[in-house]
Amino acid sequence: MKDDQTMSGDDLLARIGQTTEETEFYTPMPAGYRKGHHKYVMVVGTVMSGLGKGIFSSSLAKLLQDKGLRVAPIKMEGYLNIDSGTLNPYRHGEVFVLDDGMETDMDLGTYERLLDQDLSAANFTTNGQILSAVLKKEREGGYLGRDVQVIPHVVGEIKLKLRELAVKSNADVIFVEVGGTVGDYENAFYLEACRQMAYEEGESSVLFVALTYILEPGTLGEQKSKAAQLGIKRLMEVGIMPSIIACRATHPVKEKVREKISMYTNVPMRRVFSMHDVESIYLIPESLREAGMDREVLTMLGLHERVDQKMEDQARLKWRWFVDHIGKSNRQITIGVTGKYTSLRDAYASIIKASEHCAVHLGADIKLKWIDSSLIDGTAPNGDSTGSSDAETELADCDGIIVPGGFGVRGTEGKIECIRYARENKMPYLGLCLGFQMAVIEYARNVCGITDANSTEFDPRCKSPVIDILPEQKKIEGLGGNMRLGGKDIELKRGSLVSRLFNNASRIRLRFRHRYEVDPKYIKTLEDNGLIFSGKAPGHPIMQVLELPQDVHPYFLGTQAHPELTSRPLRPQPMFLGFMKAALQYAEQKKDRRNAEAGAPA
Ligand code: GLN
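Draft legend 1. Up close: the overall build of the protein chain. Check the secondary structure of the protein chain and you find 22 helices and 21 strands. In terms of C-alpha radius of gyration, the protein chain reaches 27 Å, essentially the compact-globule figure of 25 Å for 602 residues. Seen along its three principal axes, the alpha-carbon backbone of the protein chain occupies a region of about 75 × 60 × 50 Å. Going through the 602 residues of the protein chain one by one, you find that 56% of them count as buried.

So this is what it looks like as structure tokens:
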């Protein structure tokens, strides 16, 4: 094909791919790479972090995807950890697990949700991954006697990662999000790799978007562009000319400010966008479209011919439905969420998003009430040993309760108390991972009479470890690491609540991240006492979903998985949707009861 001709005619590419001493290039090309077909949008941030590069990048990617183009995002993190698995969610936000088991930054969740696309390890990298790949190759003698250098070898590895993603995804456009801020030592290799990509890929193949921030100090009451100018200057100092500048700001960016930035950076006014705060992130794709950003990208990358107009019209119609229904609610519910990291919402980003999706589809206003369960059991770090609250008080104004995933003992007894309250008062319950395990412990103690039931995670010497690490099961599954990670199939019991939630499916797939599970020794006792294990790992005694019979409780469901990770705006996750529906009913009944008590007409 034409691609081969381009390749052979290109002086540079003839040398690329060879690791000999005569060339300064170290650019291994993955097999099947189509130069000129794959285009790149590199998104970098200046002035400060936390500008929402991921949201911007995924919104722009969505606009192109809507037009029928294949898009593939990648997030490049500056830290040395190999993945996000060991990061504290309190500092870094939730750990987002992909189907292939990769533990990533929460931004990957933003991409998956906005693009409605499952991602993999190919869509995520860290400095740790890049450097260890280089060191491994060095030990294997992969550099043919050369001294191994940051340039060309480390940046070569980064370029390889980008091109491998291009081949794997067969994307028209790869969206590269460089973590951190221009000027950080951590992302300097990434910027250099991106600059080299622009050089090697040639005209109309790579463009840079600089996200910047327009300050508006309260004391001045006007927008100031200097910090943005200096930030972009730093980018130009490393040899990168931005093609598009997106100005984050609290208020719409004034024409004069945009003019200054345009003048200072050689970027024409039509490509200096105001990206001011909007009510909801779901509005961003359409606002970028209205500002003409998608057309500018198509023009600069020569992609107009690949657009499918019909597809775009359909995609926009669906998205518009969703956006139009945001905040259109005539009923309100409050869902209690017991969370250890109650002070940092990012730690529960996917639960918040999954609830938002349900809110739009149900036309309900869903308020999440964060409950610090360590206040209930008296394990709060402030030394309060008595417990200054109880489950009944905390849940009095709630219509349902979610116990999310977590690690460590703090607050677990308080969670068990909340679950007991939900079970006994027929309040809808959704247990996620740890919340599934806690429900098993609660049932074992309070229904089956195994009063000392616990998890060995919290009490390694406990007499009745209903939740335990089971090494022989790990062996059966053939897992090397000590966490059971990623997408796994779940076999569902016919006629169960969970099966009905999934349109009577007999098998579903959800994502997991856990170390402990139900000890099969206790399954019979639990089931004999009325608990139903309605989802199991095919061929293994690993319990993955539990529920109570519908005549006992309207909605009591727990899963060892993390269903919140796979909820999408246009496809809310069924376990969440069912739970929220039940909570709406619970709220109605509560209202009826109150009216009856007050003697008012129902
Ligand atoms: N700590 C529990 C385990 O390791 C639950 C993990 C989780 O909630 N993600 O099994």
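Draft legend 2. Region of interest: the site of the ligand. As a matter of local geometry, the ligand sits amid G405, G406, F407, C433, L434, Q437, E457, R513, H514, R515, Y516 and H562. Between an oxygen atom of the ligand and a main-chain N or O atom of R515, the distance comes to 3.0 Å. At the level of secondary structure, the elements contributing two or more residues to the shell around the ligand comprise α18 (434–446) and β17 (507–514). Looking at the shell around the ligand residue by residue, the class counts come to four nonpolar, five polar and three charged.

Draft legend 3. Main features of the pairing of strand β19 (residues 532–536). Alignment of strand β16 (residues 484–492) against β19, held across two bridges, turns out to be antiparallel. Note on β19: the bridge partner recorded for E491 is K536. In this structure, β19 lies alongside strand β20 (residues 543–547), joined through four bridges in antiparallel fashion. The residue of β20 that forms the bridge with F533 is L546. Taken together, β19 and the strand that follows it, β20, pair antiparallel across an intervening segment of six residues, in which G539 is found at a positive phi of about 80 degrees.

Draft legend 4. Representation of the packing of aromatic side chains in the model. This structure, assessed with the given rule, holds six aromatic pairs. Ring geometry for W319 against F322: centres 5.6 Å apart, planes inclined by 25 degrees, an arrangement best described as stacked. A residue pair is termed a helical-turn pair when its members lie 3 or 4 positions apart in one helix, as W319 and F322 do in helix α13 (residues 309–324) at three residues. For the pair W319 and F322, a shared accessibility class is recorded, and that class is buried.

Draft legend 5. Geometry of the packing of helix α3 (residues 53–66) against helix α5 (residues 107–115). At a minimum axis distance of 9 Å, the contact between α3 and α5 shows a crossing angle of 25 degrees. As the angle between them shows, α3 and α5 are arranged roughly parallel. For the crossing formed where α3 meets α5, the hand is right-handed. Counted together, G54, I55, S57, S58, S59, A61, K62 and Q65 of α3 and D107, T110, Y111, L114 and L115 of α5 form the full contact between these two elements. Tallied by class, residues from the contact of α3 with α5 come to five nonpolar, six polar and two charged.

Draft legend 6. Inspection of the side chain of N454 at higher detail. Structurally, N454 can be placed in strand β14 (residues 453–455). Taking relative accessible area as the criterion, N454 reaches 11% and is therefore assigned buried.

Draft legend 7. Broad picture of helix α7 (residues 150–169). Over its 20 residues, α7 extends 27 Å from the first C-alpha to the last, a length consistent with the 28 Å expected when each residue adds 1.5 Å. Taking burial as the measure, the 20 residues of α7 include 15 buried ones, the bulk of the element. Residue N170 follows α7 closely and has a positive phi angle near 50 degrees.

Draft legend 8. Region of interest: the pairing of strand β21 (residues 556–559). Residues F556 and G558 line one face of β21 and the alternating positions L557 and T559 line the opposite face, and both faces are buried. Strand direction decides the pairing type here: β20 and β21, joined by three bridges, are antiparallel. For L546, the partnering residue across the bridge sits in β21 and is G558.

Draft legend 9. A look at the sheet that holds strand β18 (residues 517–518). Taken together, three strands build an open sheet; the order of strands is β14-β15-β18 and the sheet is mixed. With one partner strand each, in any of the chains shown, β14 and β18 form the two edges of the open sheet. Bridging between β14 and strand β15 (residues 464–468) involves three bridges; their strand directions are parallel. Bridge pairing in β15 places A453 opposite S464.

Draft legend 10. Region of the structure containing helix α9 (residues 226–237). The end-to-end C-alpha distance of α9 is 16 Å, a good match for the 16 Å that 12 residues give at a rise of 1.5 Å each. Of all the residues in α9, the buried ones are A228, Q229, G231, I232 and L235. The buried residues of α9 all sit within an arc of 165 degrees when viewed along its axis, so they share a single face. Residues of α9 that are exposed and angled more than 90 degrees away from the buried face: K226 and E237. Looking at the buried residues of α9, the elements they touch are β1 (39–45), α8 (188–201), β7 (206–213), β8 (244–249) and α10 (255–265). Directly after α9, the chain includes G239, whose backbone phi takes a positive value near 85 degrees.

Draft legend 11. Examining the pattern of salt bridges more closely. One pass over the full model with this rule turns up 45 salt bridges. Here E201 ties to R163 by a salt bridge, and the two come within 2.9 Å at their closest N and O atoms. You can see E201 sitting in helix α8 and its partner R163 sitting in helix α7, a full 38 residues away along the chain. Accessibility expressed as a relative area gives 0% for R163, which makes it buried. Across the salt bridge formed by R320 and E286, the nearest N and O atoms sit 3.5 Å from each other. Highlighted residues: R320 in helix α13 and E286 in helix α11 (residues 284–290), separated in sequence by 34 residues. R320 gets classed as partly exposed once you look at its relative accessible area, which sits at 43%.

The rules behind the values
- Counting restarts for each chain: residues are numbered from 1 in the order of the written sequence.
- Predicted model: local features are reported for residues with pLDDT of at least 70 only, side-chain atom pairs are reported and counted for 80 or more only, and whole-chain, interface and lining totals are derived from all residues.
- Based on all heavy atoms of the structure, the side-chain values leave hydrogens and waters out of the count.
- Here a helix means four or more residues in a row that DSSP labels H or I, a strand means two or more in a row labelled E, and each is numbered from the N terminus.
- C-alpha atoms define the radius of gyration in this analysis, and the globule rule sets the expected value at 2.2 Å times the number of residues to the power 0.38.
- Remark: exposure states derive from per-residue accessible area (1.4 Å probe, protein chains only) relative to the maximum for the residue type, with buried under 20%, exposed over 50%, and partly exposed in between.
- By convention in this text, a residue qualifies as near a molecule or strand provided that one of its non-hydrogen atoms is within 4 Å of it.
- Nitrogen and oxygen atoms within 3.5 Å of one another constitute a polar contact, given that in protein one can donate a hydrogen and the other can accept it, and given that sequence-neighbouring residues count only through two side-chain atoms.
- Gly is put with the polar residues, along with every residue not named as nonpolar or charged; the nonpolar set is Ala, Val, Leu, Ile, Met, Phe, Trp, Tyr, Cys and Pro, and the charged set is Asp, Glu, Lys and Arg.
- In this analysis, strands are considered paired if DSSP registers two or more bridges between them.
- Whether two aromatic rings pair depends on their centres lying within 6.5 Å, for rings of Phe, Tyr and Trp, where Trp uses its six-membered ring; planes under 30 degrees apart make the pair stacked, over 60 edge-to-face, and the rest tilted.
- Only the stretch in contact is used when a helix axis is fitted, and all axes are lines through C-alpha atoms; the angle between N-to-C directions ranges over 0 to 180 degrees.
- By definition in this entry, angles of less than 35 degrees are roughly parallel, angles greater than 145 are roughly antiparallel, angles of 65 to 115 are roughly perpendicular, and the rest are oblique.
- Handedness of a helix crossing follows the sense of rotation of the near helix relative to the far helix, less than a right angle counterclockwise being left-handed and clockwise being right-handed.
- Note on contacts: a residue pair is in contact if any heavy atoms of the two residues lie within 4.5 Å.
- Multiplying 1.5 Å by the helix residue count minus one yields the expected span of that helix.
- Note that the arc is defined by the directions from the helix axis to the C-beta atoms.
- By definition here, a salt bridge exists when the distance from a side-chain nitrogen of Lys or Arg to a carboxyl oxygen of Asp or Glu is within 4 Å.

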